[in-house]
Amino acid sequence: MTIGPIQLVVLGFPDPDFHGAVIAELERLRESGTVNVVDALAVHKDSDGGIEVAHLSNISDEEAVELGSKVGALIGLGIDGEEGMEAGALAGAEEAAEGIDVFSDEDAWDVLSEIPDGSAAALVLLEHRWAIPLRDAIAEAGGFRISDGFISPLDLVAIGLVSAEEAKQLHSFETATPSRT
């Protein structure tokens, strides 16, 4: 089985009531075949930093606990409270124990610490199916990934891809902080 490049996207929301439209869009992406949603979690952090986790799909929390969570295993977080967090961390550690160095402590990304207290987040693990032929062609030519990242909309003005007004609007979307209305 060929798997495409995988990306973890963490999206913030002012409160945990964002599921409807997000789930619908995740379903649309799945149906398109361009991007496969491998897994998705909704995380709510209360004002004291306490964490509540739910699977962000049409399956129940019980099914998610039974099936496991790929996002949870990746970041050491489980669906089923403290026990689930331990199980998620264990799953990730077991994969590393199989002789694969997942990443060092210096390279670790503490996703949960980046979610502001009193807000919510969607953690979406995406497989970029469109990139499989490109990745394979690069590999066949002896190429390899050196780095990757998203470019700020503000930087796109200088090369003429967006107007200054569009860049400001896109930048405000990308850098918004949780606010309650």
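Below you will find a few notes about this structure.

Reading the values: rules and limits
- Every chain is numbered on its own, with residues counted from 1 as its sequence reads.
- Owing to the predicted nature of the model, reporting of local features is limited to residues with pLDDT of at least 70; listing and counting of side-chain atom pairs is limited to 80 or more, with chain, interface and lining totals taken over all residues.
- Neither water nor hydrogens contribute to the side-chain values; these are computed over all heavy atoms in the structure.
- The helix count covers DSSP runs of H or I at least four residues long, the strand count covers runs of E at least two residues long, and both are numbered beginning at the N terminus.
- For the exposure calls, accessible area comes from a 1.4 Å probe over protein chains only, and a residue counts as buried if that area is under 20% of its type's maximum, exposed if over 50%, partly exposed in between.
- Any pair of residues with heavy atoms lying within 4.5 Å of one another is described as a contacting pair.
- Here a pair means two rings of Phe, Tyr or Trp (six-membered ring of Trp) with centres within 6.5 Å. Their orientation is stacked below 30 degrees between planes, edge-to-face above 60, and tilted elsewhere.
- Here, any two strands with at least 2 DSSP bridges between them count as paired.
- Note on geometry: axes are lines fitted to C-alpha atoms, helical ones only across the stretch in contact, with angles between N-to-C directions running from 0 to 180 degrees.
- A helix is expected to reach a length of 1.5 Å times the quantity of its residues less one.
- To be clear, the arc concerns the directions from the helix axis to the C-beta atoms.

With that settled, the discussion passes to the overall build of the protein chain. When its secondary structure is counted, the protein chain shows eight helices and four strands. Reading the secondary structure of the protein chain in the N-to-C direction produces β-α-β-β-α-α-α-α-β-α-α-α. Buried residues in the protein chain amount to 28% of all 181 residues. Taking all contacts inside the protein chain whose residues are at least 6 apart in sequence as the whole, residues at least 24 apart take part in 71%.

What follows deals with the packing of aromatic side chains. Per the stated rule, a full pass over the model turns up one aromatic pair. Aromatic side chains phenylalanine 13 and phenylalanine 18 sit 3.9 Å apart centroid to centroid with 5° between the ring planes, which places their arrangement in the stacked category. Look at phenylalanine 18 and you get buried, because its relative accessible area is 9%.

Now for the pairing of strand S3 (residues 51–55). Taken together, the five bridges between strand S2 (residues 35–45) and S3 define a ladder with antiparallel strand orientation. Bridge assignment links valine 43 to a residue of S3, and that residue is valine 53. The hairpin turn running from S2 into S3, its antiparallel successor, is five residues long, and glycine 49 in that turn takes a positive phi close to 90°.

Glancing now at the sheet that holds strand S4 (residues 119–128). Strand order in the open sheet made by the four strands is S1-S4-S2-S3, with antiparallel pairing throughout. Unpaired on one side and paired on the other, strand S1 (6–13) and S3 mark the two borders of the sheet. Strand after strand, the sheet turns through a mean of 20° between neighbouring axes, direction not considered. Bridge count between S1 and S4: eight bridges; the pairing is antiparallel. Its bridge partner being in S4, valine 9 is matched across the sheet by valine 124. Sheet contacts for helix H1 (residues 19–32): S1, S2 and S4; angle to S2, the most-contacted strand, approximately 165°.

Attention now goes to the pairing of S2. For S2, the tally of buried residues reaches eight of eleven residues, placing the bulk of the element in the interior. By the bridge criterion, ten bridges tie S2 to S4 in an arrangement that is antiparallel. Its bridge partner lying in S4, lysine 45 is registered against serine 119.

Considering the arrangement of structural elements, one finds serine 152 in the loop between helix H6 (132–140) and helix H7 (153–157). For serine 152, a relative accessible area of 23% gives the class partly exposed. Placed 15 residues apart in sequence, serine 152 and alanine 167 show a C-alpha to C-alpha distance of 8.4 Å.

Helix length check: H1 (14 residues) gives 20 Å between terminal C-alpha atoms against 20 Å at 1.5 Å per residue, within 8%. Every buried residue of H1 is accounted for by Val22, Ile23 and Leu26. The buried residues of H1 occupy one face: seen down the axis, they fall within an arc of 100°. Pointing more than 90 degrees away from the buried face of H1 are the exposed residues Gly20, Ala21 and Glu31. For H1, the secondary structure elements touched by its buried residues are S1, S2 and S4. Just downstream of H1, glycine 33 is the residue with a positive phi angle, here 80°.

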